Each structure stands twice: as C-alpha cells, then as structure tokens.
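Take a look at the letters that make up each chain.
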There are 2 protein chains.
Amino acid sequence: MPNLVPTPEFVSYRDVKATVLQRIQEKIWAPDTILPSEVDLALEFSCTRTTVNRAMRELADEGYIERKRKVGTRVLKSPTRHARFAISLVREEIEARGSTYRYALSTCAQIVAPDWLRARLNLSDGQPVVHVTCMHYADNEPFQYEDRWINIASVPWVVDADFNTLGPNEWLVNEVPFTDIEMSFSAVNLAADIADFLGSAPGDASFVAQRTTWLKGDVVTFVNLYHTSGYRMSTRY
Amino acid sequence: MPNLVPTPEFVSYRDVKATVLQRIQEKIWAPDTILPSEVDLALEFSCTRTTVNRAMRELADEGYIERKRKVGTRVLKSPTRHARFAISLVREEIEARGSTYRYALSTCAQIVAPDWLRARLNLSDGQPVVHVTCMHYADNEPFQYEDRWINIASVPWVVDADFNTLGPNEWLVNEVPFTDIEMSFSAVNLAADIADFLGSAPGDASFVAQRTTWLKGDVVTFVNLYHTSGYRMSTRY
DNA sequence: CAGTGGTCTAGACCACACA
DNA sequence: GTGTGGTCTAGACCACTGC
C-alpha cells in the first residue's frame, strides 16, 4: 500500500533550517561554536549547497548565527533577536480592531519652521513648513492625537492639500514616496491641551510614537503621535 | 585599456530588486498592479528566474508586494512596512551606549502564583513561581526596574539560582532556550514604590516593556521592565 | 486545465579574509 | 594561498488556484 502522504524524496531548506535551529537551541552547537561549512552540511543532509545556503541565510537574517567568508558560520550568544512591528495607518489599525474610524482636523497652518524643528530636521533658516494637528477616533472614542510638520520644500504641493476630510498621514502616503524612516517610542506625561483632546487628565502617561520620514536625504515630514492611556503596542515572534 | 572596475557580466538579484522597487516607488507600477511574471522579468533582465525569484521574495518579505501562485505578484497599497527592534539584554543595551552597567537585586521569593498571573499565563491552580525584582543602572544612574516571574514547573532548577550577582534575565538566557516571545510596550504613571527605585517622582510617565516567553507551549517567564522617564526606543529603516 | 510562484539539483566562478 | 560564504546559470518538478 502506497504512502498516502508521500514524503518528498528531497530535503527542503526548511528541514535543514529546523534541524540546525534545534541543535542551536539544544546547545549541541553552543554560542561561539563554528558550524560545519556549507559543503559539509550539504553532505550530511544529502542536498545541494544551495539548499543549505538558503537555510543558513534565513537563520542569519533572524539573528541566530553570523556568517563570514573564510571564517565560517558562528552561533551568536544571547540571540540578538528582532521584534517586528507592522507600521500601518491609524485608520487601518483602528479598523483592524473592528472599530469605526473617525478623523477630525484641529489646526492647519503654514509657518516658518521653529528653531527646535530646524535643528532636528536639519532645515535651513526661515524654511516654511505646514503644521497640522488632528485627532483620530475609534468608535467615537479618542484614540490618537497627531501633531505633524511637513517640509514644504520637499512637497511643494502640500500647500494646496485639504486636510479637512483626509488625514495628513493618508495624504502623504498617497502623494509622497519615502526612502527612510526613523521611529522612536517613549512615554510622556500629557500636557493639558493634548490631554483634553484625548479625554485624559493632564499628567496621564501617554505612549508616544515619533516618526521622521526622508525621501532620498530630504526630510519630508516629522510627526508626534500621542495615544490615550492604556494603549499597547504588541508583537509576537 | 581594460576597465579598472569591471562591470560584472551578469545581473544580480540586487539589480532586479532595486529596479523593481524604484518602479513601485515611482508608481510606474502603482498599488494593486499585477507585476509581470517571473519568467517575463527574467527575460527583461536577461537573467534566470532564480535570480528574479530571490529579488521578489525579498521585496515580499519587506512588505512591498504580495505573491500568490497562479494570481501573480501584486503591489501592496500603503506599504505595510515593518520596524525592527533589536531585543537585547539590558546590560548589552547599557554597554552599547558606552555606560557602565550595574545590577542590584531587590527581592527574590518563591510563592504561589497570584490569580492575575495564573490567568495571564494560563497556569494551573496553586502553581509555584519565583518572583524577582531588581534594578539595572547605567553609570550608577537608575535605568530600568525589573519585575519578573519565573514558572518553576518549566525551569525547576531556578529554585537553586542565585540572583544576587547575576540578573535573572542573563541567567535565563544562559539556562533556558525559548521558542516564542510576546512583547508589548506601553506607558504608565509610576507607582510610588517603583518611582522610588527609579529616582523618579510618583506619577511620572514610564515606558514599560512587557515580555512573555514560552518554550514549546509552556510559559517560562513573564516580566515587566519599567524605564526612567526620558527613555526612548528607536529604530531606523 | 493552465499559469503562477516555490523550490531543488548540479555545477560554476568569485570575493573576502585569514594564515 | 586557500577555505569559506555569496551568488548566478540552466533546467526541472511541483503546488496552488482561478478558469
């Protein structure tokens, strides 16, 4: 009787990856150990070096091992693993929770970049920017307060944009490509005015995401996103 | 005279990747567009399908495109990009900043898991855990307050561990492998006792990292890491 | 059924980095 | 020099999925 779930007669890179990972986790190959070369592993697993290579490359991407030509593949200590967070639009984040999204513009003005912003974004003197503040609601409950600055020099047509119905984040995603992003997260005590928008008390802890976006070396936008207390950013891996 | 920097006579997957990415960013291939098949791209770039495949696979990993058999490769809207954060030991994080690390144990006790912890970690009734609280300093300034729970059932020998000189995080990294991690970040107003440890005022906003670690389905440890105000977690990509 | 991506093989040349 | 990983070619079979 033939096998109903036939075993493939070849060895997948997944098999190699799983086996190697298991040996690392069971400390059969402890940190700092140099693993057998790809050729040797290919012999052991009866597959080609290409297959071993893909397995090892992925393990390296995931932070388990480090590879160097001539030296070989070394097992890393205290695995420098990486957490990944999906960066999405607020609207998508809210809708993904099954809530209804609502947007409301607060202020929108064209001004000369203040000193602290000039310094932070490396702008030249007297450079004009668009400053937008707005709110994002989930099921009509405050969710996020957005405080955004857009560099007019890199997106001249922003001066004609209408942020009354469409949020500046969605507008930017549609209008401007970007090449680099810097994000940082921190916790602050809310100032009275922002707390008011968020329906919180002044001094309440707020999770703040700060993001700067570049297009080929030129700053496009800088934004502070203040969340209501209780907000939580999660990932599993 | 021969070319001093000879151009390779083959096409690298990097070339393909860069070109495709550029076309996506310039909206030559707008969101929802179905890209040419791998075979067609291979023809266009005069390379093998293997090479095109690697380029496209990486673009898919990075969240620019989505691939489905038979359907083809589709450009994603508002690129769901991912931010990556390196998860390291506090000690390594502090030393990477060029500061001197110091550790101090606060409390260490073996108790029965309280209800909220049982519920959160899915432990059975009356299960014992080790509860450790300790401080991490950078250049003798408070940096992080650690509040950790370790499941004795999954690491029985933890009862013999000595956390007076070695922090529980380093001990765990050395002793126990793990297969899954869930992390979440939030902002809280510090309680008086923890604020005291951190040299902050009660109510100050603190960036909190919360992490649960599993080994093949069994919870190993759960930890709350409270940071001093001003702490910032950053990444660039 | 037919077209797309997913993957493996077999072989090759090259770049890097240590001795 | 020499051994390691990095990558490409050429060809093949397969799995999924929409028609």
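Here, the structure is the one placed above.
Described in the following lines is the structure provided in the data block. Since we're looking at a predicted model, the values are computed, not measured. (Residues numbered from 1 in each chain as written. Chains lettered and ligands numbered in written order. Predicted model: local features only at pLDDT ≥ 70, side-chain atom pairs only at ≥ 80, totals over all residues. Heavy atoms only, no water.)

1. Observations concerning the overall build of chain A
Then, in step 1: Scanning chain A for helices and strands turns up seven helices and ten strands.
Then, in step 2: Here the C-alpha radius of gyration of chain A, 25 Å, is well above what a compact globule of 237 residues would show, namely 18 Å.
Then, in step 3: Its C-alpha atoms give chain A principal-axis dimensions of about 70 × 45 × 35 Å.
Then, in step 4: Within the span of chain A, comprising 237 residues, buried residues form 47% of the whole.
Then, in step 5: Total accessible area on chain A is roughly 12,200 Å²; 51% of this is exposed by carbon and sulfur atoms. (Helix = DSSP H or I, 4+ residues; strand = E, 2+ residues; numbered from the N terminus. Rg over C-alpha atoms; globule rule 2.2 N^0.38 Å. Buried < 20%, exposed > 50% of the residue type's maximum accessible area, 1.4 Å probe, protein only. Areas by Shrake-Rupley, 256 points an atom, 1.4 Å probe, with all protein chains shown as cover.)

2. Quick look at the relation of the copies chain A and chain B
Then, in step 1: For the pair chain A and chain B, the relating rotation is 180°, the translation along its axis is 0.0 Å, and the fit reaches an RMSD of 0.1 Å. Here the copies are linked by what is in effect a two-fold axis.
Then, in step 2: Same-surface contact between copies: 100% of interface residues of chain A are shared with the interface of chain B. (Least-squares fit on C-alpha atoms with pLDDT ≥ 70 in both. Contact = heavy atoms within 4.5 Å.)

3. Focus: the protein's contact with DNA strand D
Then, in step 1: As a structural note, the neighbourhood of DNA strand D is formed by 24 residues, with Arg49(A), Ser12(B), Tyr13(B), Arg14(B) and Thr51(B) the closest of them.
Then, in step 2: Counting only the atoms of DNA strand D that lie within 4 Å of the protein, the sugar and phosphate share comes to 62%.
Then, in step 3: One nitrogen or oxygen atom from the main chain of Glu38(A) is found 2.9 Å from a phosphate oxygen belonging to DNA strand D.
Then, in step 4: With respect to DNA strand D, the side chain of Arg69(B) contributes an N or O atom lying 3.3 Å from a base nitrogen.
Then, in step 5: Elements with a minimum of two residues in the surface near DNA strand D: helix H3 (49-61), strand S1 (65-68) and strand S2 (72-75) of chain A together with helix H1 (13-25) and helix H3 (49-61) of chain B.
Then, in step 6: Considering every element that reaches the surface near DNA strand D, the biggest residue donor is H3(B), with four residues.
Then, in step 7: Of the residues that constitute the surface near DNA strand D, the class distribution is five nonpolar, eight polar and eleven charged. (Near = heavy atom within 4 Å. Polar contact = N/O pair within 3.5 Å; in protein donor to acceptor, adjacent residues only side chain to side chain. Nonpolar A, V, L, I, M, F, W, Y, C, P; charged D, E, K, R; others polar.)

4. Thoughts on helix H2 (residues 38-45) of chain B
Residue and element names in this part refer to chain B.
Then, in step 1: Burial in H2 covers these residues: Glu38, Leu41, Ala42 and Phe45. End-on, the buried residues of H2 take up no more than an arc of 105°, which puts them together on one face.
Then, in step 2: Here the buried face of H2 lies against H1, H3 and strand S1 (65-68).
Then, in step 3: Two residues or fewer past H2, Ser46 is found with a positive phi of approximately 55°. (Arc of directions from axis to C-beta.)

5. Quick look at the protein's contact with DNA strand C
Then, in step 1: In the vicinity of DNA strand C there are 24 residues, among which Ser12(A), Tyr13(A), Arg14(A), Thr51(A) and Arg49(B) approach most closely.
Then, in step 2: Considering DNA strand C, the proportion of its atoms within 4 Å of the protein that are sugar or phosphate atoms stands at 63%.
Then, in step 3: With respect to DNA strand C, the side chain of Arg54(A) contributes an N or O atom lying 3.2 Å from a phosphate oxygen.
Then, in step 4: Here a sugar or linking oxygen of DNA strand C sits 3.0 Å away from a polar atom, N or O, in the side chain of Arg69(B).
Then, in step 5: If you list the elements that add at least two residues to the surface near DNA strand C, you get helix H1 (13-25) and H3 of chain A together with H3, S1 and strand S2 (72-75) of chain B.
Then, in step 6: Sort the elements by how many residues they give to the surface near DNA strand C and H3(A) lands first, with four residues.
Then, in step 7: Per-class residue counts for the surface near DNA strand C are five nonpolar, eight polar and eleven charged.

6. Details of the sheet that holds strand S9 (residues 218-227) of chain B
Then, in step 1: On the basis of which strands lie adjacent, the open sheet formed by seven strands has the order S10(A)-S7(B)-S8(B)-S9(B)-S6(B)-S5(B)-S4(B) and antiparallel pairing. Because the sheet does not close on itself, it has two edges, and the strands there are strand S10 (232-236) of chain A together with strand S4 (101-112) of chain B. Sheet twist, expressed as the mean angle between neighbouring strand axes with direction ignored, is 15°.
Then, in step 2: Docked against the sheet, helix H6 (residues 168-175) of chain B engages S4, strand S5 (128-138), strand S6 (141-151) and S9 of chain B, running at close to 50° with respect to S6(B). (Pairing = 2+ DSSP bridges. Axes fitted to C-alpha atoms, helices over the stretch in contact; angles between N-to-C directions.)

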